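Given next are the chains, with one letter for each unit.
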Amino acid sequence: SVSYRFETAFFRRNIPVPPQRINSSSITLMRFAVMDCGLIGLMPRSLVRQQLHSGALRELDIEELRFEYVVLTAAAKL
């Protein structure tokens, strides 16, 4: 699971897991939590590309937290 991989990345580096946790499918909420509240979040790079480019957000280069997502649908549904 994403939560397990997130926690494992911290444990393997002997870094305390952040105590505040939000599990949400809302990109708006996650962006607010990261940018305005200083939390760490997992978001699709494509949705924060502008903030990364401007320096408003910084990507943490952690191997365990690299995800490859593919969006699928049945061919007949298109």
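Structure first, text after, so check above.
Attention in this report is confined to the structure presented alongside it. (Residues numbered from 1 in each chain as written. Predicted model: local features only at pLDDT ≥ 70, side-chain atom pairs only at ≥ 80, totals over all residues. Heavy atoms only, no water.)

Some remarks on the overall build of the chain
Within the chain one finds 3 helices and 0 strands. A total of 78 residues make up the chain; the buried ones form 21% of that total. Long-range pairs, those at least 24 residues apart, make up 32% of the contacts in the chain between residues at least 6 apart in sequence. Taken as a whole, the chain presents about 6600 Å² of accessible surface, with 55% of it coming from carbon and sulfur. (Helix = DSSP H or I, 4+ residues; strand = E, 2+ residues; numbered from the N terminus. Buried < 20%, exposed > 50% of the residue type's maximum accessible area, 1.4 Å probe, protein only. Contact = heavy atoms within 4.5 Å. Areas by Shrake-Rupley, 256 points an atom, 1.4 Å probe, with all protein chains shown as cover.)

Observations concerning the packing of aromatic side chains
Applying the stated criterion across every chain, the model contains 1 aromatic pair. Their ring planes at 55° and their centres at 5.0 Å tell us that Phe6 and Phe10 sit as a pair that is tilted. In this pair, Phe6 and Phe10 are both assigned in helix H1 (residues 2–11), 4 residues apart and thus about one turn of the helix distant. For Phe6, a relative accessible area of 15% puts it in the buried group. The class of Phe10 is buried, set by a relative accessible area of 9%. (Phe/Tyr/Trp six-rings, centres within 6.5 Å; stacked < 30°, edge-to-face > 60°.)

Some words on the nonpolar core
Phe6, Ala9, Phe10, Val17, Ile62 and Leu65 form the largest nonpolar core, which has 6 residues in total. Val34, Met43, Val48 and Leu57 belong to the second-largest nonpolar core, a separate cluster that totals 5 residues. (Core = buried A, V, L, I, M, F, W, Y, C linked by side-chain atoms within 4.5 Å.)

Observations concerning unusual backbone geometry
Trans is the common state for peptide bonds, and a negative phi is the common state for residues other than glycine. Even without glycine at this site, Asn14 takes up a positive phi of about 55°. Using a relative accessible area of 74% as the deciding quantity, one classes Asn14 as exposed.

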